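Single-letter residue listing:
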Amino acid sequence: MPEGDTVWLVCQRLDDALSGDVLTRSDFRVPQLATTDLVGRRVLQTVPRGKHLLTRIEGGITLHTHLRMDGSWHLYRPGVRWGGGPDHRIRLILSTAGWDAIGYRLHDVELLETAREDDVVGHLGPDVLDPAGFDADEAVRRLRDQPEREIGQALLDQRNLAGIGNLYKAEALFVERLSPWTGVSDVPDLDAVVRTAARLIGRNKGHASQSTTGDSGRDRQHYVFERGGKPCRRCGEPVATAMQGDPPYDRITYWCLRCQPGPHPEPQKRPRSGSGAYDRRAHRSSP
């Protein structure tokens, strides 16, 4: 599933392309909205909320979509051939005089009253990329409500803090020298973990690549994420991998046994690099 900064950038590109213009075409290719027509309505804005996309439309309407693992938005100038995938993968088309916005394999495509957006995103915790400011104290409070939970799983729970995915979970815990299987109650400085995760994701907001190390060179962008079996950048120990969480929501986790001491399962004998990850490019809205 994409990280919050990926969703933020998709929303930014949709907002830049569509907002302020009137829809000349709307084609919903999902059964529950098959007869919906938004032609003639003005697009007001597209904003992220955690990993959710909210497109607000004239008349008090909000279009709610979610990318999950395989969804994407692509932008094309009128007359340009669409290249985001086969037509049967298209779930939504929104067009203005200047752009065609094509949504491939989108999930949770629904329309609701703008005043009722909390019906679909009100359960989320503080958004790490909230333009009004991230409420780290509230995120910490929510995490502490489940003291026995493993910190790796707790960070991925969007009800605690919205926007953090497997990449920033792994990287923040490496920076803070914590095993992902450490119980929340055993984390010495929970506030530092939350703020490190928010700082790392904030660095990449608006960028085409995701680097937590400050280096955008090949195989130098991350400390442990997708580096299973490769040397730890601190100590040289091979980066370990194991699955964390209950199926089907388990995720491959990356950590250094030496730099991140604490409870952990038996590492996989053949460390996996890249398995369970997503292609960030697939979620980008292309100009």
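Residues numbered from 1 in each chain as written. Predicted model: local features only at pLDDT ≥ 70, side-chain atom pairs only at ≥ 80, totals over all residues. Heavy atoms only, no water.

Chemist: I'm lost on the sheet that holds strand β3 (residues 52–57) in this one. Help?
Modeler: Sheet strands pair by backbone hydrogen bonding; their relative direction is either parallel or antiparallel. Ordered by their spatial adjacency, four strands build an open sheet running β2-β3-β4-β8, and the pairing between neighbours is antiparallel. With partners counted over all chains shown, the strands left at the sheet margins are β2 (43–49) and β8 (107–113), one partner each. Ignoring which end each strand starts from, the neighbouring axes of this sheet average 20° apart. Of the pairings in the sheet, the one linking strand β4 (residues 61–66) to β8 comprises five bridges and is antiparallel in character. Bridging across to β8, Leu-63 finds its partner in Leu-111. (Pairing = 2+ DSSP bridges. Helix = DSSP H or I, 4+ residues; strand = E, 2+ residues; numbered from the N terminus. Axes fitted to C-alpha atoms, helices over the stretch in contact; angles between N-to-C directions.)

Chemist: How do you make sense of the confidence of the model for the protein when you look at a structure like this?
Modeler: A low pLDDT means the predicted coordinates there should not be read in detail. Here the protein shows a mean pLDDT of 92. Residues at 70 or above account for 94%. Here residues 275–284 is a poorly scored stretch, pLDDT under 50, and it has 40 contacts once near neighbours within four places are set aside; other chains count. (pLDDT = per-residue confidence, 0-100. Contact = heavy atoms within 4.5 Å.)

Chemist: Can you walk me through the sheet that holds strand β5 (residues 72–76) in this structure?
Modeler: Judged by pairing direction, the sheet is antiparallel, and its four strands sit side by side in the order β1-β6-β7-β5 without closing on themselves. The open sheet terminates on both sides in strands that have one partner only, identified here as β1 (25–28) and β5. With strand direction ignored, the average angle separating the axes of adjacent strands in the sheet is 15°. As defined by bridge partners, strand β6 (residues 90–95) adjoins strand β7 (residues 100–104) across five bridges and the pair is classed as antiparallel. Counterpart to Ile-93 in the pairing with β7 is Ile-102. Docked against the sheet, helix α1 (residues 4–18) engages β5 and β7, running at close to 30° with respect to β5.

Chemist: Help me understand the environment of Glu-58, please; the structure alone is not making it clear to me.
Modeler: Its place among the elements puts Glu-58 in the loop between β3 and β4. Since its relative accessible area comes to 37%, Glu-58 is described here as partly exposed. Along the sequence, Glu-58 and Asp-157 sit 99 residues apart, while their C-alpha atoms lie 33 Å from each other. (Buried < 20%, exposed > 50% of the residue type's maximum accessible area, 1.4 Å probe, protein only.)

Chemist: Looking at this model, I keep getting lost on the packing of helix α3 (residues 136–144) against helix α6 (residues 190–204). Mind explaining?
Modeler: When two helices pack together, you describe them by how their axes are tilted relative to each other and by the distance separating the axes. Where α3 contacts α6, the two axes come as close as 10 Å, and the packing angle between them is 125°. By the angle between their directions, the pair α3 and α6 is classed as oblique. Note on packing geometry: the crossing formed by α3 with α6 is right-handed. For the pair formed by α3 and α6, the contact residues are Ala-136, Asp-137, Ala-139, Val-140, Leu-143 and Arg-144 on the first element and Leu-190, Asp-191, Val-194 and Arg-195 on the second. A breakdown of the residues in the contact of α3 with α6 according to their chemical character gives six nonpolar, no polar and four charged. (Parallel < 35°, antiparallel > 145°, perpendicular 65-115°, else oblique. Left-handed = near helix turned anticlockwise from the far one by under 90°. Nonpolar A, V, L, I, M, F, W, Y, C, P; charged D, E, K, R; others polar.)

Chemist: Which parts of the structure should I look at to understand the packing of helix α5 (residues 166–175) against α6?
Modeler: At their nearest, the axes of α5 and α6 sit 9 Å apart, and the two run at 125° to each other. It follows that α5 is oblique to α6 by the angle criterion. Pair α5 / α6 crosses with right-handed handedness. In contact with Tyr-168, Glu-171, Ala-172, Leu-173 and Val-175 of α5, α6 contributes Val-193, Thr-196, Ala-197, Arg-199, Leu-200, Ile-201 and Asn-204. When its residues are assigned to classes, the contact of α5 with α6 shows eight nonpolar, two polar and two charged.

Chemist: I would appreciate a short explanation of α6 in the present structure.
Modeler: An α-helical turn contains 3.6 residues, so any two residues separated by three or four positions project in the same direction. With 15 residues, α6 extends 22 Å between its outermost C-alpha atoms, agreeing within 8% with the 21 Å of an ideal straight helix rising 1.5 Å per residue. Among all positions of α6, only Leu-190, Ala-192, Val-193, Val-194, Thr-196, Ala-197, Ala-198, Leu-200, Ile-201 and Asn-204 are buried. Packing partners of the buried residues in α6 comprise α1, α3, α4 (151–156) and α5. Just downstream of α6, Gly-206 is the residue with a positive phi angle, here 90°. (Expected span 1.5 Å × (residues − 1).)

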